[in-house]
Structure formats: structure tokens, C-alpha cells
Amino acid sequence: MEILVCVKRVPATGGRISLTADGQEIDIRYLGFTVSPHEECAVEEAVRIVEAQGGSSSVLTLGHAAAQDQLRDAMAIGIDRAILLETDGREFDPVATAAAIVEAVRAQEAAHGPFDLILFGNEAADTGDFQVGIRVAVALDRPVINGVKSLTVGGGRAAAKREAPTGGWETYDVPLPAVVSVKEGLNLPRYPSIPGRLRAKRKEIERVEPAWSSSGPTKVGLRLPEEQGAQVEILGRGPEAAPAVVDLLARIGVLPL
Amino acid sequence: MSAVLVLVEHVDGEADRLSREALVLAASVASRTGGDVEAVLIGAGAADAARGLVAHGVRTAHVVTDARLSAYAPAAWAAALVELIDARGPAAAIAAGSDRGNEVLAHVAARTGRPMAANVVDIIVGDPWRLTRQRWAGSLLEDAELDADVHLMTIAPHVVPVDEASPSTGSPPLTLDHQPTIADRDLVVHVTGQEAPAAGSISLTDARVVVGGGRGVGSSEAFATLEELAALLGGAVGGSRVVTSNGWRPHSDQIGQTGLRIAPDLYIACGISGAIQHIVGCKAAKRILAINTDPDSPIMGVADYAVIGDLHQVVPAISAEIRRRAPA
């Protein structure tokens, strides 16, 4: 199995998000960086498939030079190679991002042979565009399954499950090569070992300069949503508050009495 | 005089809630473009669901019934929608920001080389169109411009209020059958099977009351008291990311950015501190009751009601009080 995983470096936002004074970016002065939980699962899945079936795995990201940290994180848990589509830090819209990835996939496949499987997270944690994986698949004329929480590859096919709109699961089964966008819950990602980290640190990262273009949506600015502003009403302290809670439940009509 | 096409998802012959939300925003767009909202419904039950759309201001419904589309196939659905876009020349094609809505519209965008904006919350028709969309699952808003002949957008879930009581006046929408031309390659990805949810279970996205647990619950076993309260209220149990990452609950119970967005009448947040990744999943609840030992935890900033205390004592006390008041 030859597998490519695409990830995106994003700030690790915890308690609340602050913006820069011009409202164009998140204030990252006090933040660490990570990839989304969906993508952590994509990386883990690639490592597991190669461990079980042989082959090799690659990780790719488009972003600032600092995004090599996230590539090394992926190599630390067992991804073999890394490709950085290195930008000057400006934002690539989803059309430009997909185009850059498609070009990189074609170049990688020309040099190293075809990928059986290209994995994405279902959506980027930050921009949430919900389309890059699909654009890449359509451009490469490969089948694409989204929202995948269970994946089995073998015999030249990928079988997948995702949550159905009305609850339960729906199943898919497609021929390889294919593109699969995954969600957190697919697996439980491992933590990198110290030797893994040291190995990853010494590995080469292939650098490519992607072409920027603009199709939109074009960002004008960012802002925080208005606080809902509800003043919290304290019903009481400890178990003695139970009657006040049940009064509330009755008042708002959720008590099935 | 440009129409606005809306992909309407439907279950058991009725438009689903997120699609009805999309129709509300589509109607406000159509009033600015001077056209009508035209619904697109695909698959079994489409004609029935189309008739019910009179209550949502839809005058024309394109019903795509093709036996090959009875199982969901995202590329084939997109192919049908692209044909209707080419035929109708709408100002916009809109879908719900659901798994399928985002997926089908992304296929449409990729096939036609147009930009697409996901999870839009507000649209200003102008030159170019200006819109507001969610980033970080709604923790952050982006104001953006979208410049295209057909504006492809999905509508963020649980942002647009739906008037459930709008009366069904007038005649049902004009229903136009559309026979799509579907290439075999567009059917390669399709739903091959279904696994039903556990019998008798109430889904988190449908439940009127959701009891959520966080780090403060402490263990898988300790969820029993939350299950008990949920059962008494006919509700469902969910959890924060800590809970599913620790394996206390299955991942499908996660509420938040990488899990579910819920919109119950009441969300009871037990031992949940309120990280933004969790808040975006529950803030569409009509009311939030927080049960937490820490009166300064961030959840108090979004809660309407709170009990300050240890959930391991408070939750059983609430269940006991409900039982005490229940008619014998």
C-alpha cells in the first residue's frame, strides 16, 4: 500500500480565540500548533495500514515553513516521508489548495509510483471549507468517500463506514486508487515515542513551492461571534438544588409527567 | 430575475430540519435576486417531500427520480444538480451544511470549477456577494466575498430560525420531473448498505433533552447516573472530547467541533468546563443547565442555569426528585 496523508497546521485553540488588531488573523502569540483530530486519525490510519500490509506512507502539507513541525509529528509516529508545499504564510483558498495538492500528487506519482490511497481529514479545523479532498479526487478522477469512521483496505478495494443522516451507519465500497476523508473516532492515535521523535528530526523534508491563485471565497476579515450574553441563574448548591432543578424542568416542559 | 436552487434533503417524505433552515435563508436571497426559490429533491419520497414544501415558500420543485439514485451517490447527485444549474441559470445553488449537503455541493463546485462557501450564516446580495461564514465550527466568523456566476453555498446548521408553525397556504409547488443523465463513473461511490441504530435509542441530534458529561464524570461507570437522568427525561447522553478520547463513551456520542452539533430544548452539561470546541457543538440548545463544582468555569458563560456542586451528588438527587414527584 502506498498512502499519502494530507494535513494542515492550525493553532491549538483552547479556552477562547483572540484576533489580531486588524481582524485578519487569530492572535497566535500565546498558542501552540497542531493538526485537527480528524487528521491525527488519518495519520494513524496510514501508519497502521502500512504496518499491517507493507508499502510506504507519505505526509503532505501546504503552509508556512513552520508547518514542518506537523510533518515531523507525523513522521514521529511512523510516516516514512514528508512533503512541504511551502508558502509565504498567506492563506490559500480551497481551490488553490486543491490545485497545489493535485500538482504535488502528480509529481510524486511520476517520481515514486502511484498512491493507492490519499487520506484527508473531513474538514480543516480552522477554515472548515469541506471541499479540498473532493476537489483533489475530482481532479484526479478518483472515487472519494467522506466522513469515514471505519476503513478496511485490501484486495484492491476500500470499504468504509460513515454515520447515516438518520442515525446508524451507511457503508461504502470502492476500488483503489481512492481518496478518503476521515473523521475523529476512526482510531485512537498513538503518542510518538522518544526514538520516533529523534528519527523524525533527522529525516529530510521535500520542499516544493506551490502556485498561489485566488478563486474565493475571499476573506475580508474575521470576527468573534456575539456572546449569547445570557446571565447564568444559579439554582443552588449541591444536591439541595434538586427541587429547584425539577421545578425548572417542569416549567420548560421537559418533564414527562 | 434569477432563481435560487436549494438541494432539499428529505426523510420519510418530509424535508429535514437543516434543509428547512437553508430554505429560509434561500428565500431571503431570492427576494434580492428577484427570482423564486426552486427546490431540488432526489431519490425515493422526493415527490411527497416536494408537496410539503408549500409551507416553506417553494413554488417550484425539481424532483429527480432515477432508480440508480435510490441509494445515495454523491457524484451522481452532483451530476443531477449540475444539469439543473445549467438548465435554470440560478444566481445561487444552496444546500444544508450537513454531511451530504456539504459533500454534494463540493462535488458540484469541483466539477464546474466554481468556488464554494461552506457553513454560511448570512448573505448580502451585491457585487460581489458578501457573506459571513463559520470558521472553527462557529467559534469564529469570516466575512468574505464570493464572486461567481452561480454562488455555491451551504448553510451552517442551527443558525437560521425555522418557523415550524408556518401555515400551508396556497397550492403545492409545481413539480417538475427531471431525468438526469448519469455516467457509470458517478455511481462508483454509493451507499452499499445501512446499519440501523440500536433499537429504542434516541439520537443525540433528535433528543429534546441531552445530558452531557465531561472530564468531571471521571469514568465510564460514572455515566450510569447520567444515563438514569436521561432515561427519566426521555433524553440522550453525550460527552465532551475528553470523554470519548478516554474511551468512557463511544466516539459517536461526542458533542463538539469534531463530533455532533445538537440543538435540544435543554442541554444539561455535567462536569464540563466548556472548551470552545465543545461549546460550538451545544450552543444551539434552547437552554443550557450547567452542573459544575467551579462557578468560574467557561461553561457558566454560556449556561442559562447552573447548579454549583459535584455532579456525582447533584445528578442522582435530581433523578430522585423526579421520581418522588412522578404520579404513582
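Read across the sheet, ten strands follow the order 13(A)-9(B)-8(B)-7(B)-10(B)-6(B)-1(B)-4(B)-5(B)-11(B) without closing on themselves; strand pairing throughout is mixed. The sheet terminates laterally at strand 13 (218–223) of chain A together with strand 11 (174–178) of chain B, the two strands that pair on one side only. On average, adjacent strands in this sheet sit at an angle of 35 degrees to one another, irrespective of strand direction. Docked against the sheet, helix 4 (residues 99–112) of chain B engages strand 1 (2–7), strand 6 (92–96), strand 7 (116–124) and strand 10 (151–155) of chain B, running at close to 170 degrees with respect to strand 10 of chain B.

Moving on, we come to helix 6 (residues 242–251) of chain A. When helix 6 of chain A is considered as a whole, its buried residues turn out to be Ala242(A), Val245(A), Val246(A), Leu248(A) and Leu249(A). Projected onto a plane normal to the axis of helix 6 of chain A, the buried residues spread over an arc of 155 degrees and lie on a single side. Buried-residue contacts for helix 6 of chain A involve strand 14 (233–237) of chain A together with strand 17 (305–308) and helix 8 (311–325) of chain B. Positive phi appears at Gly253(A), one or two residues downstream of helix 6 of chain A, with a value of about 80 degrees.

A separate point is the nonpolar core. Counting 189 residues, the largest nonpolar core has Val5(A) and Val6(B) as the members making the most contacts within it. When residues of this core are assigned to their parent elements, the largest contribution, nine residues, is made by helix 3 (residues 74–88) of chain B.

Another point: the domain arrangement of chain B. Residues and elements named next belong to chain B. By the assigned domains, chain B splits into domain 1 (2–187) and domain 2 (209–325). Facing five residues of domain 1, the contacting portion of domain 2 comprises six residues. When its residues are assigned to classes, the side of domain 1 that touches domain 2 shows two nonpolar, three polar and no charged.

Each turn of an α-helix holds 3.6 residues, which means side chains three or four residues apart point in the same direction. Residue and element names in this part refer to chain B. The set of residues buried in helix 5 (residues 223–232) consists of Phe223, Thr225, Leu226, Leu229, Ala230 and Leu232. Those residues of helix 5 hidden inside the fold are in contact with strand 13 (209–213), strand 14 (236–239), strand 15 (266–270) and helix 8. Of the residues trailing helix 5, Gly234 is marked for its positive phi of about 65 degrees.

Our focus in this paragraph is the packing of helix 4 (residues 132–140) of chain A against helix 4 of chain B. Close contact between helix 4 of chain A and helix 4 of chain B brings their axes to 9 Å; oriented N to C, the two are set at 45 degrees. In terms of orientation, helix 4 of chain A and helix 4 of chain B fall into the oblique class. Here the hand of the crossing between helix 4 of chain A and helix 4 of chain B comes out right-handed. On helix 4 of chain B, the residues that touch Ile134(A), Arg135(A) and Val138(A) of helix 4 of chain A are Glu103(B), Ala106(B), His107(B), Ala110(B) and Arg111(B). Of the residues in the contact of helix 4 of chain A with helix 4 of chain B, the class split is four nonpolar, one polar and three charged.

Pro177(A) follows Leu176(A) through a cis peptide bond whose omega is 0 degrees. Tracing the backbone through its elements, the reader meets Pro177(A) in the loop between strand 10 (169–175) and strand 11 (178–182). Of the consecutive residues Asp127(B) and Pro128(B), the connecting peptide bond is found in the cis state with omega at -5 degrees. Inspection of the secondary structure puts Pro128(B) in the loop between strand 7 and strand 8 (129–135). Even without being a glycine, Asp141(A) presents a positive backbone phi close to 55 degrees. Tracing the backbone shows Asp141(A) in the loop between helix 4 and strand 7 (144–148). The exposure class assigned to Asp141(A) is exposed, which follows from the 8 C-beta atoms found within 10 Å. Non-glycine residue Asn119(B) carries a positive phi angle of around 55 degrees. Residue position: Asn119(B) is located in strand 7. When the 25 C-beta atoms within 10 Å are taken as the criterion, Asn119(B) is described as buried.

Quick look at the environment of Ala76(A) now. Residue and element names in this part refer to chain A. Tracing the backbone shows Ala76 in helix 2 (residues 68–76). The exposure class of Ala76 is buried, given the 22 C-beta atoms found within 10 Å. For the pair Ala76 and Ser150, spaced 74 residues apart in the sequence, the C-alpha separation amounts to 24 Å. Ala76 has contacts with Pro192, Gly196, Arg197 and Ala200, leaving out every residue within four places of it along the chain.

A separate point is the sheet that holds strand 10 of chain A. The four strands are arranged 8(A)-9(A)-10(A)-12(B) in an open sheet whose pairing can be described as antiparallel. Whereas interior strands pair on both sides, the edge strands pair on one side only; in this sheet they are strand 8 (150–154) of chain A together with strand 12 (193–195) of chain B. Pairs of neighbouring strands in the sheet enclose a mean axial angle of 20 degrees, with direction left out of account. Pairing geometry for strand 10 of chain A and strand 12 of chain B, over three bridges, is antiparallel. What sits directly across from Glu170(A), in strand 12 of chain B, is Gln194(B).

Topologically, Ala241(A) is positioned in the loop between strand 14 and helix 6. A tally of 23 C-beta atoms within 10 Å means that Ala241(A) is categorised as buried. Residues Ala241(A) and Thr34(A) lie 207 residues apart in sequence; the distance between their C-alpha atoms is 41 Å. Among all residues touching Ala241(A), those that are not within four sequence positions of it are Leu235(A), Gly236(A), Val307(B), Gly309(B) and Val314(B).

Another aspect to go through is the interface of chain A and chain B. Often the size quoted for an interface is simply the accessible area lost on bringing the parts together. The partner chain B presents 76 residues to the 71 residues of chain A that form the contact. For the side of chain A that touches chain B, the secondary-structure elements that each account for two or more residues are helix 1 (37–53), helix 4, strand 7, strand 10, strand 13, strand 14 and helix 6 of chain A. Classifying every residue of the side of chain A that touches chain B gives 36 nonpolar, 22 polar and 13 charged.

Scoring rules and cut-offs
Residues numbered from 1 in each chain as written. Chains lettered and ligands numbered in written order. Predicted model: local features only at pLDDT ≥ 70, side-chain atom pairs only at ≥ 80, totals over all residues. Pairing = 2+ DSSP bridges. Helix = DSSP H or I, 4+ residues; strand = E, 2+ residues; numbered from the N terminus. Axes fitted to C-alpha atoms, helices over the stretch in contact; angles between N-to-C directions. Contact = placed C-beta atoms within 7 Å. Buried ≥ 20, exposed ≤ 12 C-beta atoms within 10 Å, placed from the backbone. Arc of directions from axis to C-beta. Core = buried A, V, L, I, M, F, W, Y, C linked by C-beta atoms within 7 Å. Domains from an automatic or database assignment. Nonpolar A, V, L, I, M, F, W, Y, C, P; charged D, E, K, R; others polar. Parallel < 35°, antiparallel > 145°, perpendicular 65-115°, else oblique. Left-handed = near helix turned anticlockwise from the far one by under 90°.

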